[in-house]
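Per-entry structural report
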Amino acid sequence: MFIDGGVSKLKKIVMDSKRIVAFTGAGFSAESGISTFRGAGGLWTKYDPSIYAEVNRFREDPSYYWRFFRDERYPVIKRAKPNEGHFALAELEKRGKIYRVITQNIDVLHQLAGSSDVIELHGNTRKIFCLSCEREYSMNEAYSLLKEELPPRCSCGGVLKPGTVLFGEPLPKVALDMAMLATRNCDMFLVLGSSLVVYPAASLPRIAKKSGAILVIINIDPTLLDDMADLVINGGTSKLLSRLI
Ligand code: OAD
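Remember, it's a predicted structure, so these values are computed and weren't measured experimentally.

Let's talk about the site of the ligand
Around the ligand, a shell composed of 23 residues is seen, among which Phe-37, Arg-38, Ser-194, Ser-195 and Asp-221 lie nearest. Side-chain polar atom of His-122 to an oxygen atom of the ligand: 2.8 Å apart, as the coordinates give it. Measuring from an oxygen atom of the ligand, one finds a side-chain N or O atom of Asp-221 at 2.6 Å. The residue inventory of the shell around the ligand, partitioned by class, reads eight nonpolar, 12 polar and three charged.

Shown next, in the form of structure tokens:
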């Protein structure tokens with residue numbers, strides 16, 4: 001379904017819902033200037049994730065990850081600001097519609113826009129820590145160290161590791177448990193800007209649907225779960241949500 005027919009249906013579903021989970025992916029932050037991983041111009045079309053974002057590879061040689069962070073991630077994440085979509089979700093929370101945001105994004109933009117109940121399935125960029133002594137560093141501190149040395153090291157000599165989840169690592173248990181609970185208890189599950197190919201995160205829309213929720217998917221490209229959704233809108237999330245508000 002394209003945007004024009006979709007917004008009025010979306011509005012009706014939102015009006016009828018009381019416990020909405022918004023589930024966001026990289027496409028949701030695209031209009032904040034942060035590249036997606038898949039789809040047109042996605043990062044994984046230029047970088048092989050098994051080299052730049054896989055935990056065993058990181059243990060063998062962390063400089064690949066850190067080079068990718070230095071050249072591709074840090075410069076855009078540092079200057080990114082929440083877009084209209086982030087503000088719209090915060091507004092829907094204030095109006096008592098959204099009760100949880102579950103995100104795969106690590107950019108902390110939901111919190112900056114005012115969402116208070118955000119479950120980060122893939123960690124975030126705020127925390128970077130030493131693999132030897134566990135000392136914590138901010139993203140800016142890690143970047144300063146990174147400009148001196150690849151990979152960046154702690155004052156104790158240990159290698160720094162991001163607080164984001166790499167492929168091959170388990171998701172943070174508390175976040176996953178909270179996400180499962182919220183998903184089972186929602187009456188509407190709203191997917192926003194995710195290709196829905198990375199598991200276990202991508203299992204949540206299925207679980208929501210099986211638990212009786214209305215499933216809505218808003219994404220520019222089709223996803224593998226479109227067939228099970230009650231409403232699919234192929235469009236940009238920020239424009240659509242601001243029209244909804
Ligand atoms: P992807 O990059 O896989 O998918 C983003 C989706 O957003 C694509 O299907 C695009 O069509 C769509 N899109 C782009 N711009 C959009 C816009 N303005 N509005 C709506 N849709 C838009 O991102 P995720 O599904 O979040 O994990 O990826 C999941 C995980 O894979 C990430 O968290 C990351 C990645 O590898 C790890 O690194 C562990």
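Description of the state of the cysteines
Per the stated rule, a full pass over the model turns up zero disulfides. Distance from the sulfur of Cys-130, which forms no disulfide, to the nearest cysteine sulfur (Cys-156) is 3.6 Å. Here Cys-130 falls in the buried class, since its relative accessible area comes to 0%. Residue Cys-156 is classed as partly exposed on the basis of its relative accessible area, which comes to 45%.

Examining the sheet that holds strand E6 (residues 160-164)
The three strands are arranged E5-E4-E6 in an open sheet whose pairing can be described as antiparallel. The open sheet is flanked by strand E5 (136-137) and E6, the only strands paired with a single partner. Where strand E4 (residues 123-130) and E6 come together, four bridges link them in antiparallel fashion. In the strand pairing of E6, Phe-129 is matched with Lys-161. Each of E4 and E6 is contacted by helix H5 (residues 63-79), which is oriented at about 50 degrees to E6, the strand it contacts most.

With respect to the nonpolar core
Ranked by size, the top nonpolar core spans 27 residues in total, and within it Phe-23, Ile-102, Leu-121, Phe-189 and Leu-204 carry the most contacts. It is helix H9 (residues 173-185) that contributes the most residues to this core, five residues altogether. If we ignore the near neighbours within four places in the chain, the residues touching Phe-23 are Ile-102, Gln-104, Leu-121, Phe-189, Leu-190, Val-191, Leu-192, Ser-194, Leu-196, Ala-201 and Leu-204. Core analysis: the next-biggest nonpolar cluster, separate from the first, contains 23 residues, Val-14, Ile-20, Met-188 and Leu-190 among them.

Some remarks on the environment of Leu-92
Residue position: Leu-92 is located in helix H6 (residues 84-94). Taking relative accessible area as the criterion, Leu-92 reaches 6% and is therefore assigned buried. Separated by 153 residues in sequence, Leu-92 and Ile-245 have C-alpha atoms that sit 7.8 Å apart. Residues within four places of Leu-92 in sequence aside, it is in contact with Val-14, Lys-97, Ile-98, Leu-244 and Ile-245.

What to know about unusual backbone geometry
Along the chain, Leu-150 connects to Pro-151 via a cis peptide bond; the corresponding omega equals -5 degrees. Assignment of secondary structure puts Pro-151 in the loop between helix H8 (139-148) and E6. Residue Pro-200 is reached from Tyr-199 by a cis peptide bond, and omega for that bond is 10 degrees. You can see Pro-200 is positioned in the loop between strand E7 (188-192) and helix H10 (204-210).

Examining the packing of aromatic side chains
Counted according to the given criterion, the structure contains 14 aromatic pairs. Summarising the aromatic geometry, the rings of Tyr-47 and Tyr-52 are spaced 4.9 Å apart at their centres and angled 85 degrees between planes, so their arrangement reads as edge-to-face. The two residues Tyr-47 and Tyr-52 agree in class, both being buried. On the numbers, 5.1 Å between centres and 80 degrees between planes, the contact of Tyr-65 with Trp-66 is edge-to-face.

Cut-off values and rules
Residues numbered from 1 in each chain as written. Predicted model: local features only at pLDDT ≥ 70, side-chain atom pairs only at ≥ 80, totals over all residues. Heavy atoms only, no water. Near = heavy atom within 4 Å. Polar contact = N/O pair within 3.5 Å; in protein donor to acceptor, adjacent residues only side chain to side chain. Nonpolar A, V, L, I, M, F, W, Y, C, P; charged D, E, K, R; others polar. Disulfide = S-S within 2.5 Å. Buried < 20%, exposed > 50% of the residue type's maximum accessible area, 1.4 Å probe, protein only. Pairing = 2+ DSSP bridges. Helix = DSSP H or I, 4+ residues; strand = E, 2+ residues; numbered from the N terminus. Contact = heavy atoms within 4.5 Å. Axes fitted to C-alpha atoms, helices over the stretch in contact; angles between N-to-C directions. Core = buried A, V, L, I, M, F, W, Y, C linked by side-chain atoms within 4.5 Å. Phe/Tyr/Trp six-rings, centres within 6.5 Å; stacked < 30°, edge-to-face > 60°.

Scope: geometric values only; no functional claims are made or implied.
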